[in-house]
Amino acid sequence: MDHFTYHNGVLYAENVALSDIVAKVGTPLYVYSTATLERHFRLFDDALSGIDHLVCYAMKAASNQAIIKTLAALGAGMDVVSGGEYMRAIKAGVPTDRIVFSGVGKTHQEMDMIIQGGVRQVNVESEPEMVLLDKAAQRHGKKIPITIRVNPDVDAKTHAKIATGKSENKFGIPIAKARDVYATAGRLKSLDVVGIDVHIGSQLTDLEPFALAYRKVAELTEMLRADGHDIRRLDLGGGLGIPYVRGNQAPPLPEDYGAMIKREVGHLGCEVEIEPGRLIAGNAGLLISSVIYLKEGEGRNFLILDAAMNDLIRPALYEAHHDIIPVKEPAADAKYEIFDVVGPVCETGDTFARNCALHRLTNGDLVAFRSAGAYGAVMASEYNSRPLVPEVLVKGDQFAVIRPRPTLEEMINRDTIPPWL
Ligand SMILES: *Cc1c(COP(=O)(O)O)cnc(C)c1O
């Protein structure tokens, strides 16, 4: 569910007409709905009610500080994967005891930063990292809470580029080696081993792979406890998918996901963390773009937009589908035609959708890409020297620019010319 609906023939974000935002900010731009962000966070929070838990938003999905602040105000923790994300979370006022530090290649600068600043726990991904973190913590005279990310060798049945839980993926330590690695961790004086971490992938549309992974984590918990480790926290990762195609069978609901978690690990009495990103931000954001040209080709009509793969790379990178709808509601009897919807970048990969049924649009008409809130703006680049796409947050009848569009000068003036030129 989201809060983007037509009123009086125009698409609204909550109580604001998107055409009003575009009049002020221009296109392309991302628009997020506060009510949708809040609703999705609460679905997860409620789904885990009754057990000790913390929902840590995976902020790599959409990391604008306004989004982080919105969620943190509801009690959200943050899952961060870099020093930059850690700084954003701190700057947005997230208490450090709600920040979890994940990521497969933490540098020693990042370790110093979070050891000094404070952290809820570090999710360690390898033995060398564990040893390095222990040394860094020792240097600072601190003891750092950790979990170790285990790779349960479970097929997440998702796109290969976002599957992370098979043994051939780079993530975590093989679950079969876990007892040995925990034994080593237990001997490191500056680490406090508090739990286990697992994350098997993103855009999962079935609960079964989660359940398989969590069952393995539950078994491991019992084993590690028998070995003398005080396992009291389970970080169960993120990954619940969203429906990108309307009308398709919807992925499981957070409520059912929560019930499954309680069933698989509830008896252990551990504090449970989850790290959803996509499901919180995905349907809370739209990418709005204008039609530049309608180009009628031989046997194919191209709708050329002012948004491109640099603004939303998911179709090019993951073969992802985003529903594209007009901002002005088509008349009930409007005739549909078939278009390829493309951006202006000089690559065939800059194609958002093939054979997309839309009513006839012309120069200047606005379209909205649905479900673009997660892994959209954060993956934008300046490819083709196109300025980074701006972001707007709506709340009720208000809206605010939360990241302005850089001018061409601002973009270009970041280059510096060496003295010999
Ligand atoms: C990407 C990631 C998440 C979030 O995944 P979603 O599919 O967006 O919910 C959570 N935890 C870790 C460790 C991740 O890498």
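Cut-offs used in this document
- Residues numbered from 1 in each chain as written.
- Predicted model: local features only at pLDDT ≥ 70, side-chain atom pairs only at ≥ 80, totals over all residues.
- Heavy atoms only, no water.
- Buried < 20%, exposed > 50% of the residue type's maximum accessible area, 1.4 Å probe, protein only.
- Helix = DSSP H or I, 4+ residues; strand = E, 2+ residues; numbered from the N terminus.
- Pairing = 2+ DSSP bridges.
- Near = heavy atom within 4 Å.
- Polar contact = N/O pair within 3.5 Å; in protein donor to acceptor, adjacent residues only side chain to side chain.
- Areas by Shrake-Rupley, 256 points an atom, 1.4 Å probe, with all protein chains shown as cover.
- Nonpolar A, V, L, I, M, F, W, Y, C, P; charged D, E, K, R; others polar.
- Core = buried A, V, L, I, M, F, W, Y, C linked by side-chain atoms within 4.5 Å.
- Domains from an automatic or database assignment.
- Contact = heavy atoms within 4.5 Å.
- Patch = residues over 30% accessible without salt bridge, like charges linked within 9 Å, V, L, I, M, F, W, Y side chains within 5 Å.
- Salt bridge = Lys/Arg side-chain N within 4 Å of Asp/Glu carboxyl O.
- Buried area = accessible area lost by both parts, 1.4 Å probe.
- Axes fitted to C-alpha atoms, helices over the stretch in contact; angles between N-to-C directions.
- Parallel < 35°, antiparallel > 145°, perpendicular 65-115°, else oblique.
- Left-handed = near helix turned anticlockwise from the far one by under 90°.

**Quick word on the pairing of strand E20 (residues 391–395)**
For step 1, the next point in the chain: Among the 5 residues that make up E20, 4 are buried, leaving the element largely enclosed by the rest of the structure.
For step 2, the next point in the chain: If you look at the hairpin formed by E20 and strand E21 (residues 398–403), you'll find 2 residues sitting between the two strands, and Gly396 has a positive phi there, around 60°.

**Some thoughts on the site of the ligand**
For step 1, the next point in the chain: For the ligand, the set of nearby residues contains 13 residues, the closest of which are Lys60, Ser202, Glu275, Arg278 and Tyr375.
For step 2, the next point in the chain: Take Gly239: an N or O atom from its main chain is 2.9 Å from an oxygen atom of the ligand.
For step 3, the next point in the chain: Between Gly277 and the ligand, the recorded distance is 2.9 Å, taken from a backbone N or O atom to an oxygen atom.
For step 4, the next point in the chain: In isolation the ligand exposes 390 Å². Once the protein is present, 93% of that is buried.
For step 5, the next point in the chain: Along the lines of polarity and charge, the residues of the shell around the ligand split into 3 nonpolar, 5 polar and 5 charged.

**As for the nonpolar core**
For step 1, the next point in the chain: By size, the foremost hydrophobic cluster in this structure holds 105 residues, and its most contacted members are Tyr57, Met78, Ile146, Tyr214, Tyr257 and Ile261.
For step 2, the next point in the chain: When residues in this core are grouped by element, the largest group, 8 residues, is from helix H8 (residues 208–226).
For step 3, the next point in the chain: No fewer than three residues from each of domain 1 (4–31 + 282–412) and domain 2 (103–274) sit in this core.
For step 4, the next point in the chain: Not counting residues within four places of it along the chain, the set of residues in contact with Met78 comprises Cys56, Tyr57, Met59, Ile68, Leu71, Ala72, Ala89, Val94, Arg98, Ile99 and Val100.
For step 5, the next point in the chain: Counting residues in each nonpolar core, the second largest holds 18 residues, with Ala13, Val22, Leu366 and Val392 among its members.

**Details of a nonpolar patch on the surface**
For step 1, the next point in the chain: A contiguous nonpolar patch, built from Ile417, Trp420 and Leu421 and spanning about 470 Å² of accessible area, is present on the exposed surface.
For step 2, the next point in the chain: Mapped onto the elements, Ile417 comes out in the segment after helix H12 (408–412).

**Observations regarding the domain arrangement of the chain**
For step 1, the next point in the chain: Here the domain parsing of the chain yields domain 1 (4–31 + 282–412) and domain 2 (103–274).
For step 2, the next point in the chain: Relative placement of domain 1 and domain 2: their C-alpha centres are 36 Å apart.
For step 3, the next point in the chain: Roughly 920 Å² of surface becomes buried between domain 1 and domain 2 when both sides are summed, with 50% attributable to carbon and sulfur atoms.
For step 4, the next point in the chain: Ranking the residues of domain 1 by area buried against domain 2 places Tyr318, His321 and Asp323 at the top, with a combined share of 41%.
For step 5, the next point in the chain: Inspection of the domain 1/domain 2 interface yields 0 salt bridges.
For step 6, the next point in the chain: There are 3 residue pairs in polar contact (both at pLDDT 80 or more) connecting domain 1 and domain 2.

**Overview of the packing of helix H2 (residues 34–47) against helix H3 (residues 65–72)**
For step 1, the next point in the chain: Put simply, H2 and H3 touch, their axes get as near as 10 Å, and they point 45° apart. In this view, H2 runs oblique relative to H3, as classed from their interaxial angle. Between H2 and H3 lies a crossing whose hand is right-handed. On the side of H2, the interface is formed by Thr34, Leu37, Glu38 and Phe41, while H3 contributes Ile67, Thr70 and Leu71.
For step 2, the next point in the chain: Taken together, the residues of the contact of H2 with H3 break down into 4 nonpolar, 2 polar and 1 charged.

**Topic: the pattern of salt bridges**
For step 1, the next point in the chain: Evaluation of the coordinates by the stated rule reveals 20 salt bridges.
For step 2, the next point in the chain: A salt bridge links Glu264 to Arg215, with the nearest nitrogen and oxygen atoms 3.0 Å apart. Separated by 49 residues along the polypeptide, Glu264 in helix H9 (residues 254–265) and Arg215 in helix H8 bring together distant segments of the chain.
For step 3, the next point in the chain: Using a relative accessible area of 11% as the deciding quantity, one classes Glu264 as buried.
For step 4, the next point in the chain: Here Arg215 falls in the partly exposed class, since its relative accessible area comes to 36%.
For step 5, the next point in the chain: Two residues, Asp230 and Arg232, come together in a salt bridge whose shortest N-O distance is 3.1 Å.
For step 6, the next point in the chain: The class for Asp230 is partly exposed, based on a relative accessible area of 49%.
For step 7, the next point in the chain: Taken together, the shared-partner salt bridges in this structure form one network comprising Arg120, Arg233, Glu271 and Glu273.

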